[in-house]
Amino acid sequence: METLEVLANVAEIVAAGATVAISWFIFDYTRKREIFESSAQIQTEWQIHNQIIMSDNYLLEMEADMHPFGEISSEQTKRMYSYFLKLNLAFNSWSGSALHVDEKLATSTVNNTINILYSDREFIKSHVFPRGYPRSFTRMIEDKWTEMETGGGKPLPMV
């Protein structure tokens, strides 16, 4: 009888541990999901902002005059904002991949953006990246550009 009590106590401890582990997993996933959804909503709002700036010559001139990283023309400002549109989509895919967003879709989206922006990477490094993208995101892109350079400019695969 005593052995059964010990086994019952062990089973209770194992069950309690499993409950704690499952609760932690759900909590962690929910927290990450909320952060991702919040970030995606902010990126959506930035997309609208970027489109408004690109459609108004007065706002483009104002942005060019206030650009914090050297001289930039209104046309270059428009180019910069078009890169924001492209990078925000890649950023959402990149950050969503940590939450089990379809990995192939996320990789293809990021690689496609990196391929498109490759030819103007120096401008992007100087005028786009410093405007608020996380260093881990920009480092990943720069590493992939280096990989492309090493491969003679060959585009990254669409998975």
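Preceding this section is the structure that the text describes.
For the structure given in this document, a descriptive report is provided here. (Residues numbered from 1 in each chain as written. Predicted model: local features only at pLDDT ≥ 70, side-chain atom pairs only at ≥ 80, totals over all residues. Heavy atoms only, no water.)

### Notes on the overall build of the protein
Point 1. Counting its regular elements, the protein contains six helices and zero strands.
Point 2. Helices and strands in the protein line up, N terminus first, as α-α-α-α-α-α.
Point 3. Each principal axis of the C-alpha distribution contributes one length, and for the protein these read about 85 × 40 × 25 Å.
Point 4. Residues classed as buried in the protein amount to 35% of the 159 residues present.
Point 5. Relative to all contacts within the protein whose residues are 6 or more apart in sequence, the contacts with residues 24 or more apart total 71%.
Point 6. Accessible area for the protein stands at about 10200 Å²; split by element, carbon and sulfur atoms hold 59% of it.
Point 7. Put simply, the protein has 14 plus and 21 minus side-chain charges, and the middle of one group is 8 Å from the middle of the other. (Helix = DSSP H or I, 4+ residues; strand = E, 2+ residues; numbered from the N terminus. Buried < 20%, exposed > 50% of the residue type's maximum accessible area, 1.4 Å probe, protein only. Contact = heavy atoms within 4.5 Å. Areas by Shrake-Rupley, 256 points an atom, 1.4 Å probe, with all protein chains shown as cover. Lys, Arg positive; Asp, Glu negative; His and termini not counted. Charge placed at Lys NZ, Arg CZ, Asp CG, Glu CD.)

### Looking at helix α6 (residues 135-150)
Point 1. Look at α6: 22 Å from first C-alpha to last across 16 residues, which is about the 22 Å you get at 1.5 Å a residue.
Point 2. Along α6, the positions that sit buried rather than exposed are Phe 137, Thr 138, Met 140, Ile 141, Glu 142, Trp 145 and Met 148.
Point 3. Of the surrounding secondary structure, the elements contacted by the buried residues of α6 are α3 (74-96), α4 (103-117) and α5 (121-127).
Point 4. Immediately beyond the C-terminal end of α6, within one or two residues, lies Gly 152, with a positive phi of roughly 75°. (Expected span 1.5 Å × (residues − 1).)

### Some remarks on the nonpolar core
Point 1. Leu 87, Ile 114, Ile 124, Val 128, Phe 137, Ile 141 and Trp 145 are the most contacted members of the largest nonpolar core, which has 29 residues in total.
Point 2. When residues of this core are traced back to their parent elements, those giving at least two are α1 (2-54), α2 (57-65), α3, α4, α5 and α6.
Point 3. Top contributing element to this core by residue count: α3, with eight residues. (Core = buried A, V, L, I, M, F, W, Y, C linked by side-chain atoms within 4.5 Å.)

### What about the packing of aromatic side chains?
Point 1. Taken as a whole and judged by the stated rule, the model has nine aromatic pairs.
Point 2. Judged by centre distance (5.7 Å) and plane angle (40°), the rings of Phe 91 and Trp 94 are tilted. Pair noted here: Phe 91 and Trp 94 are both in helix α3, with a separation of three residues, about one helical turn.
Point 3. The buried category is assigned to Phe 91, whose relative accessible area is 9%.
Point 4. Overall, Trp 94 belongs to the partly exposed group, its relative accessible area being 26%.
Point 5. Arranged with centres 5.2 Å apart and planes meeting at 55°, the rings of Trp 94 and Phe 137 form a pair that is tilted. On the criterion of sequence distance, the pair formed by Trp 94 in helix α3 and Phe 137 in helix α6 is long-range, its members being 43 residues apart.
Point 6. One aromatic cluster in this structure is built from Tyr 81, Phe 84, Phe 91, Trp 94, Tyr 133 and Phe 137.
Point 7. The residue whose ring lies beneath Arg 121 is Tyr 118, and the NZ or CZ to ring-centre distance is 3.9 Å. (Phe/Tyr/Trp six-rings, centres within 6.5 Å; stacked < 30°, edge-to-face > 60°. Lys NZ or Arg CZ within 6 Å of the ring centre and 35° of its normal.)

### Structural notes on the side chain of Ser 93
Point 1. Take Ser 93: it is sitting in helix α3.
Point 2. Excluding residues that lie within four positions of it along the chain, Ser 93 makes contacts with Ala 106, Thr 109 and Val 110.

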